[in-house]
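# Per-entry structural report
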Amino acid sequence: MVTTRHPGRWVAALGVAVLLAMAVSALVTNPAWEWEVVGEYLFAPSVLRAVVFTLELTALGIVFGFLLGTVLALMRLSGNPLLTSVAWGYIALFRSIPLILQLLFWYNLALLYPRISFGVPFGPAFFDVGTMDLIGPVTAAALGLALHQAAYAAEIVRAGLLSVDHGQREAASALGIPRTRQLFRIVLPQAMRSIVPTAGNEIVGLVKGTSVVYIMALPELFYQVQVIYNRNGRVIALLLVATIWYLVMTSVMSVAQHYVERHYGKGRA
């Protein structure tokens, strides 16, 4: 038996190894990176609080975004033309408007509606509250992120539901299984195999997308490092601090996504 030789692979691997060594050397030997400053601020209390706040915004955006997105997906799949049209219009609208504009809109909602009333639709109001009291900066940020995310989550969930063979529903109906139980016990567990990978990408994207709320002066990670480097002038070092924390957060979420995918992929080669 003669072993097949692949000289091209070894040449390519050597080239990549040289480039990797050069990159590491440039990071380690260049004093302009100020690694000692990075170490000083990496676990600073203000930075850690900003990391926690970033995770909180991400959680709010994902939870409420996917809850609303699931409702919109079911509306898109409904046989009712009004529900389908409303869901389609919502998705088209919120996917067309940049996130930063949506955040600014919700942040300045009080300019359009100084007070929000609660009561009978088109009838008398029982009470009203000031919009600024009801929708503060944090609420506006969470609302903007969730409503924006819902438009993408709806398409992810809809694609996952459509990936399940229609024969599964027909068989369940023939057995007399209620439609709600069909959805949660038969269709959704199979749809999760298609939903989880794309949803994981959206979650990772939202972690980074929370940096947009810096325009509202909220103390998320990117805004906080800006505050620090505007005070001490260590721009590159503080940007590295933010980079490291974003890498840590997205890496942990990627690992979690792997195990969730493996759980829902049981029984599939």
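Residues numbered from 1 in each chain as written. Predicted model: local features only at pLDDT ≥ 70, side-chain atom pairs only at ≥ 80, totals over all residues. Heavy atoms only, no water.

## A closer look at a nonpolar patch on the surface
Selection criterion: A patch consists of residues exposed above 30% relative accessible area that lack any salt bridge, with like charges linked at up to 9 Å and nonpolar side chains (Val, Leu, Ile, Met, Phe, Trp, Tyr) linked at up to 5 Å. Reported accessibility uses the Shrake-Rupley method at a 1.4 Å probe radius. Residues are deemed covered only where the shown protein chains occlude them. For this document, the term salt bridge refers to a Lys or Arg side-chain nitrogen within 4 Å of an Asp or Glu carboxyl oxygen. Helix numbering and strand numbering both begin at the N terminus, where a helix is a DSSP run of H or I of at least 4 residues and a strand a DSSP run of E of at least 2. Whether a residue is buried, partly exposed or exposed follows from its accessible area with a 1.4 Å probe, protein chains only, as a fraction of its type maximum: under 20%, in between, or over 50%, in that order.
Taken together, the side chains of L20, V24, L27, V28 and W35 make up a nonpolar region of the molecular surface, amounting to roughly 460 Å² of accessible area. Here the nonpolar patch gets four residues from one element, more than from any other, and that element is helix α1 (residues 7-29). Secondary-structure assignment places L20 in helix α1. Taking relative accessible area as the criterion, L20 reaches 55% and is therefore assigned exposed.

## Thoughts on the pattern of salt bridges
A side chain of one charge can pair with a side chain of the opposite charge when the charged atoms of the two come close. With the rule as written, the count across this model stands at four salt bridges. Note that E155 is salt-bridged to R95, the shortest N-O span being 3.9 Å. On the criterion of sequence distance, the pair formed by E155 in helix α7 (residues 137-162) and R95 in helix α4 (residues 81-96) is long-range, its members being 60 residues apart. Relative accessible area serves as the criterion here: at 42%, R95 is assigned to the partly exposed category. The closest approach of N and O atoms between E155 and R158, which form a salt bridge, is 3.0 Å. Of this pair, E155 and R158 both sit in helix α7, three residues apart, which is roughly one turn of the helix.

## Side note on the packing of helix α3 (residues 45-76) against α7
This is how the line gets drawn: Every axis in this analysis is a line fitted to C-alpha atoms, fitted for helices over the stretch in contact. Angles between the N-to-C directions lie between 0 and 180 degrees. By definition in this entry, angles of less than 35 degrees are roughly parallel, angles greater than 145 are roughly antiparallel, angles of 65 to 115 are roughly perpendicular, and the rest are oblique. Less than a right angle of anticlockwise turn of the near helix away from the far helix marks a crossing as left-handed, whereas a clockwise turn marks it as right-handed. Classes in brief: Ala, Val, Leu, Ile, Met, Phe, Trp, Tyr, Cys and Pro nonpolar; Asp, Glu, Lys and Arg charged; the others, Gly included, polar.
Two elements in contact, α3 and α7, have axes separated by 5 Å at closest approach and are oriented at 45 degrees. Relative to α7, the element α3 lies oblique. The two elements α3 and α7 cross, and the hand of that crossing is right-handed. In the contact of α3 with α7, the residues fall into 22 nonpolar, five polar and three charged.

## Points about the nonpolar core
Put simply, the test is: Here the nonpolar core consists of buried residues drawn from Ala, Val, Leu, Ile, Met, Phe, Trp, Tyr and Cys, with membership extended through side-chain atoms lying within 4.5 Å. Contact definition: two residues touch when any of their heavy atoms are within 4.5 Å.
Ranked by size, the top nonpolar core spans 36 residues in total, and within it F66, L72, Y90, V213 and M216 carry the most contacts. Within the residue set of this core, elements represented by two or more residues are α3, α4, α5 (99-107), α7 and α9 (179-209). Looking at this core, the element that brings in the most residues is α7, giving eleven residues. Residues contacting F66, with those up to four places away along its chain left out, are G61, Q149, A153, I156, V157 and A199. In terms of nonpolar packing, the next biggest core, distinct from the first, is built from 21 residues, L42, V51, W245 and M249 among them.

## Focus on the UniProt feature "domain: ABC transmembrane type-1" (unreviewed entry) in the chain
Threshold: UniProt positions are given in the numbering used here, feature names are shortened, and annotations may be inferred rather than shown by experiment.
Summarizing the sequence annotation, UniProt attributes the feature "domain: ABC transmembrane type-1" (unreviewed entry) to residues 51-253 in the numbering used throughout. Secondary structure within residues 51-253 divides into 75% helix and 5% strand; the distance between the first and last C-alpha atoms comes to 14 Å.

## Structural notes on the pairing of strand β2 (residues 125-130)
Just so we agree on the cut-off: Only strands joined by at least two bridges in the DSSP assignment are considered to pair.
Relative to β2, strand β1 (residues 115-119) runs antiparallel, the two sharing five bridges. Counterpart to F118 in the pairing with β2 is F127. Connecting β1 to the next strand, β2, in antiparallel fashion are five residues, including F122 with a positive phi near 60 degrees.

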